[in-house]
Amino acid sequence: MMKQQKLFTGIYIAGTALSVTMIMITFAVLYIKFAPIYPEENRERTLIIKNISFKEKDGDQWTQRNCSPKLATIIKENSKHLDEICCTGGGYYAFTTLVTTSDNKKRLKLPAKYVNASFWRIYNFNFIDGRSFNDDEEKSLSPMVVISRSLATELFSNNKVAGQQVIVNGKNFTVSGVVEDVTSITPETSAAMYMPMSLKPEENLYLDEEQATNTLLGNCKIYATAKSADKRKTLKKEIENIIERINDSNEKYTHRIESIDTHIEHIYGKDALRKFLTEIAIMVAAFLLIPALNLGNMIFSRMENRMVEFGVSKAYGATNKRIAGQILCENMILTLIGGTLGLLLSIVIVNCTEEWIVHLYDTSELISNDMYYRKMMGTPQLPVKSLFNVPLFISTLLLCMVINIVSAFIPLAAALRHSIVYSLNKRK
């Protein structure tokens, strides 16, 4: 059949392959944006607090900044549904951190993050050598730093460097551990160096001393994990209640958390997320339904040409069920061939376009931020194998197979309704 109907076979396989390719690329990109991947494997139970505002109780002008570590401490002391909470440093100074070896042979300017010790309990980093700093070391202002594999190799030509000395912004630090590189696709955890939050330089928040003391404004983001994914909403409500109690006890200032976001909301925003998911659903439907309609029309024309074949088969005793099984089996084989080619094509496309394919559905702001961050950091993209998984491919292939079978079954059912005499005389 494939030799006799070369044009039909080619179009059928190409249509299926392109559908599988587009769906695989779409869901691979969405997977690395939304799914639990290294080291952000607790995304489904993580809440992010980026900004908080305050105003005087008798005033009407709100002042917004990042959060203070004091807020994280208060939440930790008063929450029953909290698992872990940490702060990470922000600000553009993080992109201009100068690190050198003790002999001053290597000088690099790379991004760094200032993190709490609990950061290592929320995010599951793979330590190649050494360990992270703990709570006591953070509180004692120990000059320790965790570095990435790439930075360790760049500085020392080796990644087994725990205990070595580096100079960060003119101060001596001890390398406590080396972690596997984190791609810039996960900006919440991506950095070349991780240092204790207690060593973070002070920033000018444009607050007077009294405001800085009695408000919860600061220069960090807060990440809180619930004990389980289904407790995330409960934790969010609990944090909101904690802010209300803080406001009740503060005689001068009122605080307002601008948003307590899930990982997805933090990336796309609450309002944009609904629109984004609707657009993706429409695109996926288009990838599947438009080829299916075209294939349905082609199969209908092909059924007309095979009427005599069906008539002869029926004359020799073939039942409608037997003929339908043969046609559906043919379509399943063609779909399997097209799906395999689609998988291979999607791997080639992602491998050749990994610099931009991950931003296929991003806004210009997300793209520009990532490009700037990647230029400063120089970390590799995710390996191709992490963009694809067996359940995703099988689900996509089965969905294409179901749609293609339905596309074939409708014209097939119409063709099989005719009698043997009508089928045998179709070409006269």
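Look above for the structure.
Structure report, in brief.

Definitions and cut-offs
- Residues numbered from 1 in each chain as written.
- Predicted model: local features only at pLDDT ≥ 70, side-chain atom pairs only at ≥ 80, totals over all residues.
- Heavy atoms only, no water.
- Helix = DSSP H or I, 4+ residues; strand = E, 2+ residues; numbered from the N terminus.
- Buried < 20%, exposed > 50% of the residue type's maximum accessible area, 1.4 Å probe, protein only.
- Contact = heavy atoms within 4.5 Å.
- Areas by Shrake-Rupley, 256 points an atom, 1.4 Å probe, with all protein chains shown as cover.
- Phe/Tyr/Trp six-rings, centres within 6.5 Å; stacked < 30°, edge-to-face > 60°.
- Lys NZ or Arg CZ within 6 Å of the ring centre and 35° of its normal.
- Axes fitted to C-alpha atoms, helices over the stretch in contact; angles between N-to-C directions.
- Left-handed = near helix turned anticlockwise from the far one by under 90°.
- Nonpolar A, V, L, I, M, F, W, Y, C, P; charged D, E, K, R; others polar.
- Expected span 1.5 Å × (residues − 1).
- Core = buried A, V, L, I, M, F, W, Y, C linked by side-chain atoms within 4.5 Å.
- Salt bridge = Lys/Arg side-chain N within 4 Å of Asp/Glu carboxyl O.
- Patch = residues over 30% accessible without salt bridge, like charges linked within 9 Å, V, L, I, M, F, W, Y side chains within 5 Å.

Before going further, it helps to spend a moment on the overall build of the protein. Per the secondary structure count, the protein includes 14 helices and 16 strands. The buried share of the protein, reckoned over its 428 residues, is 49%. When contacts within the protein are restricted to residue pairs at least 6 apart in sequence, those whose partners lie at least 24 apart make up 78%. A total accessible area of about 21,600 Å² is found for the protein, and carbon and sulfur atoms account for 57% of it.

Moving on: the packing of aromatic side chains. Evaluation of the coordinates by the stated rule reveals 13 aromatic pairs. Seen in terms of ring centroids, F54 and Y253 are 5.2 Å apart; in terms of plane orientation they differ by 80°. Their pairing is edge-to-face. Taken as a pair, F54 in strand β2 (residues 51–56) and Y253 in strand β15 (residues 253–257) lie far apart in primary sequence, 199 residues in all. Here F54 matches Y253 in class, with each residue buried. Through a chain of ring-to-ring contacts, three or more aromatic side chains come together here, namely Y38, F119, W120, Y123, F125, F127, F133, Y194 and Y223. The lysine or arginine in question, R256, covers the ring of W62, its NZ or CZ lying 3.9 Å from the ring centre.

Let's shift gears to the packing of helix α11 (residues 320–352) against helix α13 (residues 390–416). For any two helices packed against each other, one specifies the crossing angle of their axes together with the interaxial distance. Put simply, α11 and α13 touch, their axes get as near as 9 Å, and they point 145° apart. In terms of crossing hand, the pair formed by α11 and α13 is right-handed. Listed contacts from α13 to N320, I323, A324, I327, L328, N331, M332, T335, L336, G339, T340 and L343 of α11 are F393, L397, C400, M401, N404, I405, A408, F409, L412 and L416. Looking at the contact of α11 with α13 residue by residue, the classes come out as 16 nonpolar, six polar and no charged.

To continue, consider helix α7 (residues 232–249). Compared with the 26 Å implied by 1.5 Å per residue over 18 residues, the 26 Å span of α7 between its first and last C-alpha is a close match. All of the buried residues along α7 are L235, E238, I239, I242, I243, I246 and N247.

It is worth spelling out the nonpolar core at this point. Membership of the largest hydrophobic core comes to 47 residues, with the highest contact counts inside it found for V99, I147 and L151. With five residues, the single largest contributor to this core is α7. Excluding anything up to four places from it in sequence, I147 contacts A152, V161, V175, G177, V178, V179, A192 and M193. Residues M24, L30, L392 and L397 belong to the second largest nonpolar core, which totals 17 residues.

This paragraph deals with unusual backbone geometry. For the bond running from Y38 to P39, omega is -10°, close enough to zero to count as cis. Of note, P39 is situated in the loop between α1 (6–34) and β1 (46–49). The phi torsion at N169 lies on the positive side, around 50°, for a residue other than glycine. Mapped onto the secondary structure, N169 falls in the loop between β10 (165–168) and β11 (171–179).

Enumeration over the complete set of coordinates arrives at eight salt bridges. Notably, a salt bridge pairs E40 with R43, separated by 2.9 Å at the nearest N-O pair. Summarising the burial analysis for this pair, E40 and R43 share the class buried. With a shortest N-O distance of 3.3 Å, E258 and R256 are connected by a salt bridge. On the basis of relative accessibility, which here comes to 33%, the residue E258 falls in the partly exposed class. What makes R256 partly exposed here is its relative accessible area of 35%. When salt bridges with common partners are traced through the structure, they connect E84, R121 and D135 into a single cluster.

Moving on: a nonpolar patch on the surface. A cluster of nonpolar side chains, contributed by M2, I333, I337, L341 and L344, occupies part of the molecular surface with about 420 Å² of accessible area. Structurally, M2 is set in the segment before α1.

This part takes up the side chain of N247. With respect to the helices, strands and loops of the structure, N247 is situated in helix α7. Owing to a relative accessible area of 11%, N247 belongs among the buried residues under this scheme. Setting aside residues no more than four positions away along its own chain, N247 makes contact with K57, Y253, T254 and H255.

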